[in-house]
Amino acid sequence: MKPETAWVAFGGNVGDVRTTVDRALAALDAVPGIRVLSRSGFYRTPAWGCTEQPDFINGVAALQTTLPPGELLGVLLATEQRFGRVRAEDTPRWGPRTLDLDLLACGDAVLEEPGLSLPHPRLHERAFVLVPLAEIAPDLVVPGRGRVADLLAAVDAAGIEAIP
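Residues numbered from 1 in each chain as written. Predicted model: local features only at pLDDT ≥ 70, side-chain atom pairs only at ≥ 80, totals over all residues. Heavy atoms only, no water.

Quick word on the overall build of the protein
1) Next: Along its length, the protein carries 4 helices and 10 strands.
2) Next: Along the chain direction, N to C, the helices and strands of the protein fall in the order β-α-β-β-β-α-β-β-β-α-β-β-α-β.
3) Next: For the protein, whose C-alpha radius of gyration is 15 Å, the value lies close to the compact-globule estimate of 15 Å for 164 residues.
4) Next: Taken along the three principal axes of its C-alpha coordinates, the protein extends 40 × 35 × 30 Å.
5) Next: By the burial criterion, 46% of the 164 residues in the protein qualify as buried.
6) Next: Across the protein, every contact between residues at least 6 apart in sequence was considered, and the portion connecting residues at least 24 apart equals 68%.
7) Next: In the form shown here, the protein has an accessible surface area of approximately 8200 Å², with 53% of it arising from carbon and sulfur atoms. (Helix = DSSP H or I, 4+ residues; strand = E, 2+ residues; numbered from the N terminus. Rg over C-alpha atoms; globule rule 2.2 N^0.38 Å. Buried < 20%, exposed > 50% of the residue type's maximum accessible area, 1.4 Å probe, protein only. Contact = heavy atoms within 4.5 Å. Areas by Shrake-Rupley, 256 points an atom, 1.4 Å probe, with all protein chains shown as cover.)

Structure, rendered in structure tokens:
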């Protein structure tokens, strides 16, 4: 497969999230077929979905990859697990987590497969993704949705703050 740019949201709200994210991105960069190109700063964001939990620390990374999207997603899920993420039927879907890695987009791919939709079906609704994505790729066009800067302008980003 020719190299593509994949966009991955990262975050968490349990433990030392910034250190966990730094280590997870380094681990991804060491995987054959993946290279971390850039990443946003960190943002403190209000909990979303299940709101009775600590704020999240979120951001976005750009990866260059030769892996097919499904294989890349498998690497992301394995990396989450390596860094303490537990995905079980008895854990809340939007509950607390040590690490969350969401594949947002991969090149111009538009996919709808079991367990994988590209671009991410709620990317355009989530300020906690759009704010850091706009930091590193404001002119990125999300297939079927539009330009990141325009998508960000259409959502409420109140409560999201950059952290040093």
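Brief notes about the packing of helix α1 (residues 17-29) against helix α2 (residues 69-82)
1) Next: Closest axis-to-axis distance for the α1/α2 pair is 10 Å, and the angle between their directions is 140 degrees. Relative to α2, α1 is oriented oblique. For the pair α1 and α2, the sense of crossing is right-handed. Contact residues: α1 offers A24, A27 and L28, while α2 offers V75, L76, T79 and R82.
2) Next: Residues belonging to the contact of α1 with α2 are distributed by class as follows: 5 nonpolar, 1 polar and 1 charged. (Axes fitted to C-alpha atoms, helices over the stretch in contact; angles between N-to-C directions. Parallel < 35°, antiparallel > 145°, perpendicular 65-115°, else oblique. Left-handed = near helix turned anticlockwise from the far one by under 90°. Nonpolar A, V, L, I, M, F, W, Y, C, P; charged D, E, K, R; others polar.)

Some remarks on the packing of aromatic side chains
1) Next: Taken as a whole and judged by the stated rule, the model has 1 aromatic pair.
2) Next: Judged by centre distance (5.9 Å) and plane angle (70 degrees), the rings of F10 and F42 are edge-to-face. Pair noted here: F10 is in strand β1 (residues 4-12) and F42 is in strand β3 (residues 42-45), with a separation of 32 residues, a long-range link. Comparing F10 with F42 shows no difference in burial state: the two are buried. (Phe/Tyr/Trp six-rings, centres within 6.5 Å; stacked < 30°, edge-to-face > 60°.)

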